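# Residue-level structural notes
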Protein chains: 2
Amino acid sequence: MVLKKESGLKIDEKELSRILRERNCKVTVPRIKILKYLLMNRVHPTAELIYREVKKELPKVSYATIYNNLNYFIENNLLKRIRLHKDYDIFDVGTHMHSHFICKKCNKVYDIPYEIHQPKKIKGHLITDMSVNFSGICKTCLKGKIKF
Amino acid sequence: MVLKKESGLKIDEKELSRILRERNCKVTVPRIKILKYLLMNRVHPTAELIYREVKKELPKVSYATIYNNLNYFIENNLLKRIRLHKDYDIFDVGTHMHSHFICKKCNKVYDIPYEIHQPKKIKGHLITDMSVNFSGICKTCLKGKIKF
DNA sequence: CTCCTTTTTTAGAACCATTCTAAATTGAGA
DNA sequence: TCTCAATTTAGAATGGTTCTAAAAAAGGAG
Ligand SMILES: [Mn+2]
Ligand SMILES: [Mn+2]
Ligand SMILES: [Zn+2]
Ligand SMILES: [Zn+2]
């Protein structure tokens, strides 16, 4: 089962259970709500945003559960941690390969189509992952339409 | 003045002062000691290692001074912050373009010669920096000579 | 050199993202 | 339904980094 790429789609909780079971992941209510939020809102969220949003549906959810599940999703290759900002991490769900651009002015992160071939080995090291990150000034900031 | 690439070279403190003055950086004793450590020990150190090592020469140095100067060097393009580990950052001095490989087993970071062309613009965003990061299992861990 | 102003340093407190603790709950299989 | 391991929870703790406020140092002017 391939994870949907688009944001804002309705995703049935039954379908989410199936995605988890396919990967031998135990299905729990908080786990489903967190994954649902990630899949339906592809905004490179912080843990804090995920916490706030999931709490709307699940008022008793704790930060420990959010972090436990984010780490759990990462171990199970459903999620990637992105460390582009100085002070916090953001998360990116889904399997499609792409790279990121971070704007030094507004700090927004943009997806960039990924085009570079990943080598199998370099200097004797086995390569299993590769990421390409760009930074600079984003289109919007270049236009000068946003003041800082 | 191009920063020396090799590790372990003796670097005169007079030369360090000159490097700083060339970039209009105020010259101070802790600043020189920190830069000296970075230039003579190219091991992708943590802030904590830098603190411990500089403290040997400058017993009264504080963490605030270490962090202030690391951030100062980054602003002045003498240093890069590398965010590959989950729990801490490491630092990399010098201007030579290269990428990094991090081993998922032993967490060691290796320099990789950098080969990819950096585009000037992508999708309307102005690109000023690019980084390529690889991860996987390093040569040493593959040989199985180190136990975990 | 001395004087003056600004920047830097220092010790320690504070901050804050993330993890840990220990008890309660839940899920999935028997 | 029973059982047990996995998960969740509230709140405390951790640890890397930054902040605070006072002292020291750098560097320019005279
Ligand atoms: Mn992305
Ligand atoms: Mn390096
Ligand atoms: Zn921007
Ligand atoms: Zn290794």
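This text follows the structure it describes.
Residues numbered from 1 in each chain as written. Chains lettered and ligands numbered in written order. Predicted model: local features only at pLDDT ≥ 70, side-chain atom pairs only at ≥ 80, totals over all residues. Heavy atoms only, no water.

### Quick look at the coordination of the manganese ion (ligand 2)
All names here are of chain B. Note the cut-off: Donors, by definition, are the N, O and S atoms found within 2.8 Å of a metal, the threshold being 3.2 Å for Na, K and Ca, and water is not counted, so a site can look incomplete. Classification of residues uses two cut-offs on accessible area relative to the type maximum, computed with a 1.4 Å probe and protein chains only: under 20% is buried, over 50% is exposed, and between them is partly exposed.
Protein-derived ligands of the manganese ion (ligand 2) are H44 (NE2), D92 (OD), H98 (NE2), H100 (NE2) and D111 (OD), with the metal-ligand distances lying across 2.1 to 2.3 Å. For the manganese ion (ligand 2), all donor residues lie on one chain, and their spacing in sequence is H-x47-D-x5-H-x1-H-x10-D. Looking at D92, the relative accessible area reads 11%, which means it is buried.

### Looking at helix α4 (residues 63-75) of chain B
Residue and element names in this part refer to chain B. How we decide: Counting from the N terminus, the helices are the DSSP runs of H or I reaching at least four residues and the strands are the DSSP runs of E reaching at least two. Expected helix span is computed as 1.5 Å times (number of residues minus one). Contacts are residue-level and defined by heavy atoms, with any inter-residue pair within 4.5 Å sufficient.
Here α4 spans 18 Å end to end across 13 residues, near enough to the 18 Å set by a 1.5 Å rise per residue. Packing partners of the buried residues in α4 comprise α1 (13-22), α2 (29-40), α3 (47-57), β1 (79-82) and β2 (90-93). N77 occupies a position one or two residues after α4 and carries a positive phi of about 60°.

### Describing the protein's contact with DNA strand D
Filter applied, for reference: In these notes, residues near a molecule or strand are those with any non-hydrogen atom within 4 Å of it. Two N or O atoms form a polar contact when they lie within 3.5 Å of each other; inside protein one atom must be a possible hydrogen donor and the other a possible acceptor, and for residues adjacent in sequence the pair counts only when both atoms belong to side chains. Residues are grouped as follows: Ala, Val, Leu, Ile, Met, Phe, Trp, Tyr, Cys and Pro are nonpolar; Asp, Glu, Lys and Arg are charged; all remaining types, including Gly, are polar.
Near DNA strand D lie 23 residues; those nearest to it are T28, K60, T65 and K86 of chain A together with Y67 of chain B. Counted by atom, the contact set of DNA strand D within 4 Å of the protein is 83% sugar and phosphate. In this structure, a phosphate oxygen belonging to DNA strand D sits 2.5 Å away from a side-chain N or O atom of T28 of chain A. Within the backbone of K60 of chain A, a nitrogen or oxygen atom sits 2.9 Å from a phosphate oxygen of DNA strand D. For the surface near DNA strand D, the elements supplying multiple residues, two or more each, are α2 (29-40) and α4 (63-75) of chain A together with α4 of chain B. For the surface near DNA strand D, the leading source of residues is α4 of chain A, giving five residues. Residue composition of the surface near DNA strand D, grouped by class: nine nonpolar, seven polar and seven charged.

### Let's talk about the coordination of the manganese ion (ligand 1)
All names here are of chain A. Taken together, the protein donors to the manganese ion (ligand 1) comprise H44 (NE2), D92 (OD), H98 (NE2), H100 (NE2) and D111 (OD), at separations of 2.1 to 2.3 Å. Between the donor residues of the manganese ion (ligand 1), the gaps in sequence give the motif H-x47-D-x5-H-x1-H-x10-D. A residue pair is termed long-range when its members are at least 10 positions apart, and H44 in the loop between α2 and α3 (47-57) and H98 in strand β3 (residues 98-103) qualify at 54 residues.

### Description of the relation of the copies chain B and chain A
Going by this rule: Superposing copies: least-squares fit, C-alpha atoms only, residues required to have pLDDT of at least 70 in both.
Rotating chain B by 180° about the axis while translating it 0.0 Å along that axis superimposes it on chain A, leaving an RMSD of 0.1 Å. Expressed as an axis order, the relation between the two copies is that of a two-fold axis. No C-alpha of chain B approaches the rotation axis more nearly than that of V132 of chain B, which lies at 2.3 Å. Most of the interface of chain B is mirrored in chain A: 100% of its interface residues are interface residues there too.

### Considerations on the nonpolar core
Residues and elements named next belong to chain A. Convention followed: Buried residues of nine kinds, namely Ala, Val, Leu, Ile, Met, Phe, Trp, Tyr and Cys, make up a nonpolar core once their side-chain atoms join them within 4.5 Å.
Within the largest apolar cluster, 27 residues are counted, with the highest numbers of intra-cluster contacts made by L38, I50, L70 and F73. Secondary-structure elements contributing two or more residues to this core are α1 (13-22), α2, α3, α4 and β2 (90-93). Apart from residues no more than four positions distant in its own chain, F73 is found in contact with L20, R31, I34, L35, L38, L78 and L79.

### A word on the packing of aromatic side chains
Stated formally: For Phe, Tyr and Trp, where Trp contributes only its six-membered ring, two rings pair if their centres lie within 6.5 Å, and the inter-plane angle classes them as stacked under 30 degrees, edge-to-face over 60, or tilted in between. Criterion for a charge above a ring: Lys NZ or Arg CZ within 6 Å of the ring centre, and within 35 degrees of the ring normal.
Under the definition given, this model contains eight aromatic pairs over all chains. Between F101 of chain A and Y110 of chain A, the aromatic rings sit 6.0 Å apart at their centres with planes inclined by 55°, giving tilted as the arrangement. We note that F101 of chain A, like Y110 of chain A, is buried. One aromatic cluster is present, formed by Y51, Y63 and Y67 of chain A through successive ring pairs. Of note, K108 of chain B hangs over the ring of Y110 of chain B, and the distance from its end group to the ring centre comes to 4.7 Å.

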